[in-house]
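Chain and residue survey
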Amino acid sequence: MAKGWKKSSSPPLLICSPHVFLCPRLLRAAILPLKRFYGIKMQVWGSEHLNIKEPYVIVCNHQASLDLMGMVEVIPDRCVPIAKKEIMYMGTVGWACWLSGIIFIDRHKREDAINVISQTARIMRRENLRVLIFPEGTRNQEKSMLPFKRGAFHLAVQAQVPIFPIVISPYCDFFSSKDKKFTSGTCTIRILPKVETQGLSPKDVPELTETVRQAMADALAEMSASHCGDQHAEQPPLPRCAGAGAGRGTGSPQCEEDTTGTSN
């Protein structure tokens, strides 16, 4: 067992295994052929934001199993996704996720879930890992965000690493499980500027969570208008969350207008 891990009734499965660092490559090899087969095209905006060498946490909205196709478009090297344990029992998808080194959390055992988050925070800084989490906790095909679970934000604050919000546009023009529709199509993936957590403490997590959620919800609303044909009023520029009380024990995320062009 890797140095730094505590003995637990539900230990992280494969994060300390050397092949975990191949996780992004394995996921791409397994999923990219499916994307081509089904004729799904992905447009990625803001990929330059991920061009940093330090560890960080990625949070992304969760709509359907198709999110895996979007995930492999943006997942960086040395990135390990965290997912609910139930996925491990989803046939070949579960086996592929397990073999690629995804960390599974049992959401019904709160103490074990907290332990996995704490252990991951320690190991990600030492091993320069990136972690990807779907904070909604379940699939949501509506054009709004569900309330976020706070695990990803506790992880980022404990590790004192930045958060990168990623928003995948709705699939409504080519996929709907309710209407049993699945055709070829195109979706957009938007990577928002990072949100710093330096100097934040656990008591700042609720505000941090809501700030990130609101930035992602604004982006999703704008993307829904273009992908699903909604006629909304013109959206204001998306906020750039440049920091969250950096250097202080408390504070709130500080946002400014995004002028990088990635929000067009």
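Right above here is the structure, for reference.
Residues numbered from 1 in each chain as written. Predicted model: local features only at pLDDT ≥ 70, side-chain atom pairs only at ≥ 80, totals over all residues. Heavy atoms only, no water.

What to know about the overall build of the chain
In terms of regular secondary structure, the chain is built from six helices and eleven strands. Residues counted as buried form 52% of the 264 residues belonging to the chain. In the structure as shown, the chain presents an accessible area of about 12,800 Å², 54% of it carried by carbon and sulfur atoms. (Helix = DSSP H or I, 4+ residues; strand = E, 2+ residues; numbered from the N terminus. Buried < 20%, exposed > 50% of the residue type's maximum accessible area, 1.4 Å probe, protein only. Areas by Shrake-Rupley, 256 points an atom, 1.4 Å probe, with all protein chains shown as cover.)

Considering the pattern of salt bridges
Inspection of the entire model under this criterion finds four salt bridges. Between Lys194 and Glu196 there is a salt bridge whose closest N-O contact spans 3.1 Å. Lys194 sits in the partly exposed class, given a relative accessible area of 27%. When its relative accessible area of 17% is taken as the criterion, Glu196 is described as buried. (Salt bridge = Lys/Arg side-chain N within 4 Å of Asp/Glu carboxyl O.)

Things to note about the pairing of strand β2 (residues 56-60)
Along a regular strand, successive side chains alternate from one face of the sheet to the other. Where burial is concerned, most of β2 is hidden: five out of the five residues are buried. What you see with β2 is no split at all: Tyr56, Ile58 and Cys60 on one side and Val57 and Val59 on the other are buried throughout. Two elements, β2 and strand β5 (residues 130-133), share four bridges in a ladder whose sense is parallel. Counted as the bridge partner of Val57 is Val131 from β5. (Pairing = 2+ DSSP bridges.)

Here we look at the nonpolar core
Core analysis: the largest hydrophobic core is formed by 38 residues, its most contacted members being Phe153 and Leu155. Of all elements in the fold, only β2, β3 (79-84), β4 (103-105), α4 (110-127), β5, α5 (151-159), β6 (163-168) and α6 (205-227) reach the threshold of two or more residues within this core. The greatest single-element share of this core, amounting to nine residues, is contributed by α6. Discounting chain neighbours no more than four positions away, the residues touching Phe153 are Val59, Pro135, Phe148, Ile163, Val205, Leu208, Thr209 and Val212. In terms of nonpolar packing, the next biggest core, distinct from the first, is built from 26 residues, Leu27, Leu32, Val74 and Leu132 among them. (Core = buried A, V, L, I, M, F, W, Y, C linked by side-chain atoms within 4.5 Å. Contact = heavy atoms within 4.5 Å.)

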